[in-house]
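What the coordinates show
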Amino acid sequence: MLDSILFYLFAGIAVLSAGLMITRRNSIHSAIFLITTLLATAVIFLQLRAEFLFVAQILLYAGGIMVLFIFVIVMVRLDVAPRKIRFRPQKFVAGLVAAVLGLEVAVILLLADKLPGAGLFIPKIEDAEKLPPNSEELAKGLFSNYLLPFEIVSVLLLVAMVGAVVMAKNKKRTDEP
Amino acid sequence: MTSSSQGLSHFLQTWWVEFVCAAVIIAVVPLVAGYIILLKRKLLTDLLERLGPKQVGLDGLRQLIADSFRLLMKRDIVPRDADMFVFWLAPIVTMAAAVTSLGALYCGPGFRVARDINIGILFVLGVSSLGFLGIILAGWATNKQSVRFSAMRSTAQFITYELAGGLAIVSALLLCGTLKIHAIVEAQAAQHVWFIFLAPAGFFMYLIAAIFGTNRGPFDPPEAEAGPVASSVPEYSGFRWSLYFLGEYANMIVVASIAATLFLGGWLRPFPNVYWLNWLDFLPGPLIVAVGAFCLRRAGKQPSKIQTWSLWTVAVVCFVAAIIVLVPWISAPLRVALPGLNGAFWFLSKISIYLYIFMWLRSTLPCFRFDELLHLGWYILIPLAIVNIFSVAVAMWLESDFGYRWLAMIITNVFILAAAIFLAHLNDKRAAAASSVEPETSDSYAG
Amino acid sequence: MMSPEHYLFLSLALFLIGCIGVVTRRNVIVVLMSIELILNAVNINLVLFSRVFGDVAGQVFALFVLAAAAAQACVGLGIILAFFRNRETVQTDEMDLLKW
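For every chain, the first residue of the written sequence is number 1, and numbering continues from 1 onward in sequence order. The lettering of chains begins at A and the numbering of ligands begins at 1, in the order of writing. Only residues with pLDDT of at least 70 get local features here, since the model is predicted, and only at 80 or more are side-chain atom pairs given and counted; chain-wide, interface and lining totals rely on the full set of residues.

Every helix listed is a DSSP run of H or I at least four residues long, and every strand listed is a run of E at least two residues long, numbered separately from the N terminus. For chain A, the count of helices and strands is six helices and zero strands. Along chain A, helices and strands appear, N-terminal first, in the series α-α-α-α-α-α. Working definition of burial: number of other C-beta atoms within 10 Å of the residue's own, with buried at 20 or more, exposed at 12 or fewer, and partly exposed in between, all C-beta atoms being placed from the backbone. Here chain A holds 177 residues, and the buried ones make up 31% of them. Pairs at least 24 apart in sequence give 52% of the contacts found in chain A among residues at least 6 apart. By the convention adopted here, residues make contact when the C-beta atoms placed from their backbones lie within 7 Å.

In structure tokens:
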């Protein structure tokens, strides 16, 4: 029962904040609601026994990437977007596509047994108490089986950092920076 | 988290200890933070040979209550075109982040809020890092671009703390190989030495990074600017301001707790394994009694009545605390509480020493300019922290292969010292070069 | 842990909300934030199936998705800053130099 309360509470927060995020006119409010969504998702990770990802989500996503977003929003000096009265067809297209996709996936999930094919295969889920400690398992996987992707990701982050510094650098000055 | 479905009573039964500890933390931390503020003012003034707050009741002991009353009663000034949602939210986030991150810490072998989390130290770091939101949202909530940029600078300083402090902590985590807080302290007990002696560079780097992160000491450009004080949150007055400052001091407690757990042995007494020093276990009670007796002795010699009364009060508090600590020795059924009380005493005294160092540095060192501050963080602290991780790892490899632990540690610490001297030398060269460059703009009155 | 369908519905909901955000909003920064939301939904899926199958590969993959999202946000925001410096706008409607 504790599990379902936690799940519904934080899933509700996540979906509600996500919905609020895409509808706010003020970008900072959107950023705050995205942070709330990320924190709620982090708790969902914790419920799925992915403790390291819970902390990684808070440290990196909410505490790192969102800092970037908020910095850019502050530097871009946005005020509340002017509300232009204009018919925008994208909202209806988006709504239609979302509804169709949602319906499709819901049908697959709920009626998996009755559809032709193997259906959604869920093996027996291991008990939470018998899981090995999460950080150690993740480290073992990351540094033995997945070492090459790990190194590639570090190069990727280096490239992204250099690229971002080059893009965001102020080029108007003529003297040596 | 157990996947039980037996309802509320089972839930309360399993979790009541954690709820009580959480309630204690939420109740006690603001009070402690407030008294740290008082202590800071007293200490600063004493180190600078002044007298400090003495007017308000009992030699300044009621200063906290007077200040809080004044802050509560102050008119809540809100800037006219501030963003109300963000303005209201920002101080709450700072306070909430700091107090939540205290939840994973162990004050003693028994006092904890969360059961031994697998990722203990990382959780504390991660949640306390959400405090940046309070700063930058406060900057946004006003509508002035200058305040927003000042908030961005504070946030940049905080992020430097996260990086440098995190890397400095890794060197201590290498020595114990686990993130669980209980296991870290027990590793220090098992290795018979506090990690500060094995990785002193890590301790000092974390100390500097901590002063970075809590916007204190020589690294507080928002406070020390010629403009308004606390100019990273200038629009906050009254109770909201006090929430910010409570958050800052709670953050200091968090940082001190991390350092005490990782480097200073947590709740272990000094020399935890040396058998003939076991009499140190009896020390907390008599130590508090000694402090109380000292206060009593000095009480008669104070120049004014108020100071005499204040020392009497402190003495009474000491004796009450000593009774609480000594009673389990006498009554056998309460003896189970003894390791917890002793552990709490040692832990709190280590935190107090750490905070004393903070205030000491604050009162003696001049403030850094902001670009020098960031230069110190990114060009010196972070490379040095990376070198530190590397050398501690090499030292551990040398120890595991060749067995000379202390020799390996000494060699690697000498290496880190050499790296630090090299970086400082580079910094001096850069500073000399920067100050010898002629300014670009020519004098408009020149011929 | 609930049955997997719950988490799959949550992931679906976040994914769809992110897609609606990408298509509908005119502010480029909010579009980038919606992309982060989509990546988050994918992460929930990965972690769910890592728990179901007991394989840590799902969490490793989720960690890589996190790192890739960080890199993408970093570069994307750098591009936005450079664009803003030239054109003084971050509305997608006004970024129409390449339109015929």
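Next comes the rest of the description.
Across its full length, chain B holds 17 helices and zero strands. Going through the 447 residues of chain B one by one, you find that 40% of them count as buried. Of the contacts formed within chain B by residues at least 6 apart in sequence, a portion of 77% connects residues at least 24 apart.

All names here are of chain C. Relative to each other, helix 2 (residues 28–53) and helix 3 (residues 57–87) sit at 175°, their axes nearing to 8 Å. Relative to helix 3, the element helix 2 is oriented roughly antiparallel. In this structure, helix 2 contributes V28, I29, L32, E36, L39, V42, N43, L46, V47, F49 and S50 to the contact, and helix 3 contributes A57, G58, Q59, F61, A62, V65, L66, A69, A73, G76 and I80. Residue classes follow a fixed rule: Ala, Val, Leu, Ile, Met, Phe, Trp, Tyr, Cys and Pro count as nonpolar, while Asp, Glu, Lys and Arg count as charged, and any other residue, Gly among them, counts as polar. Partitioning the contact of helix 2 with helix 3 into residue classes produces 16 nonpolar, five polar and one charged. Helix axes are fitted only over the stretch in contact, all axes being lines through C-alpha atoms; the angle between N-to-C directions runs from 0 to 180 degrees. An angle counts as roughly parallel when it lies under 35 degrees, as roughly antiparallel when it exceeds 145, as roughly perpendicular when it falls between 65 and 115, and as oblique in every other case.

Turning our eyes to something else, we now look at unusual backbone geometry. All names here are of chain A. The phi dihedral of R49 falls on the positive side, at around 65°, and the residue is not glycine. With respect to the helices, strands and loops of the structure, R49 is situated in the loop between helix 2 (27–47) and helix 3 (51–76). Of the residues examined, R49 has 19 C-beta atoms within 10 Å and is grouped as partly exposed.

Attention now moves to the nonpolar core. Formed by 190 residues in total, the largest nonpolar core has its most connected members in F69 of chain A together with A259 of chain B. Setting aside residues up to four positions removed in sequence, A259 of chain B forms contacts with Y206, L207, A210, L264 and Y354 of chain B. What we call a nonpolar core is a set of buried Ala, Val, Leu, Ile, Met, Phe, Trp, Tyr and Cys residues whose membership is set by joining through C-beta atoms within 7 Å.

All right, on to helix 17 (residues 405–436) of chain B then. With 32 residues, helix 17 of chain B extends 47 Å between its outermost C-alpha atoms, agreeing within 8% with the 46 Å of an ideal straight helix rising 1.5 Å per residue. Against the buried residues of helix 17 of chain B lie helix 9 (195–198), helix 10 (200–213) and helix 16 (370–402) of chain B. Expected helix span is computed as 1.5 Å times (number of residues minus one).

Moving on, we come to the interface of chain C and chain A. In this assembly, 58 residues from chain C lie in contact with 66 residues from chain A. Counting residues per element, the ones that place at least two in the side of chain C that touches chain A are helix 1 (4–24), helix 2 and helix 3 of chain C. When residues in the side of chain C that touches chain A are grouped by element, the largest group, 22 residues, is from helix 3 of chain C. Counted by class, the side of chain C that touches chain A contains 44 nonpolar, ten polar and four charged residues.

Moving on, we get to the confidence of the model for chain B. Residues and elements named next belong to chain B. Per-chain confidence: chain B averages 76 in pLDDT, with 73% of residues scoring 70 or above. Scored from 0 to 100, pLDDT reflects the predictor's confidence in each residue. Per-element confidence in chain B is highest for helix 10, whose mean pLDDT is 90, and lowest for helix 2 (residues 57–60), whose mean pLDDT is 48. Residue range residues 55–59 is modelled with pLDDT below 50. Its contacts to residues more than four positions away, or to other chains, number twelve contacts. Reported confidences for the modelled complex are a pTM of 0.86 and an ipTM of 0.92.

The N-to-C vectors of helix 4 (residues 90–110) of chain A and helix 1 of chain C enclose an angle of 165°; their axes lie 9 Å apart at closest approach. The angle between the axes of helix 4 of chain A and helix 1 of chain C places the two elements in the roughly antiparallel class. By crossing handedness, the relation of helix 4 of chain A to helix 1 of chain C is classed as right-handed. Along its contact with helix 4 of chain A, which presents Q90, K91, V93, A94, A98, L101, G102, V105 and L109 of chain A, the element helix 1 of chain C presents E5, L8, L12, L16, C19, I20, V23 and T24 of chain C. Split into classes, the residues belonging to the contact of helix 4 of chain A with helix 1 of chain C amount to twelve nonpolar, three polar and two charged. The crossing is said to be left-handed when, going from far helix to near helix, the turn is anticlockwise and less than a right angle, and right-handed when the turn is clockwise.

Residues and elements named next belong to chain B. By the element assignment, A201 lies in helix 10. Taking the C-alpha atoms as reference points, A201 and S171, separated by 30 residues in sequence, lie 9.0 Å from one another. In this view, A201 contacts N388, N413 and I416; residues no more than four positions away in its chain are not counted.

Our next topic: the environment of G21 of chain C. Within the secondary structure layout, G21 of chain C lies in helix 1. It is 8.2 Å that separates the C-alpha atoms of G21 of chain C and I35 of chain C, two residues lying 14 residues apart in sequence.

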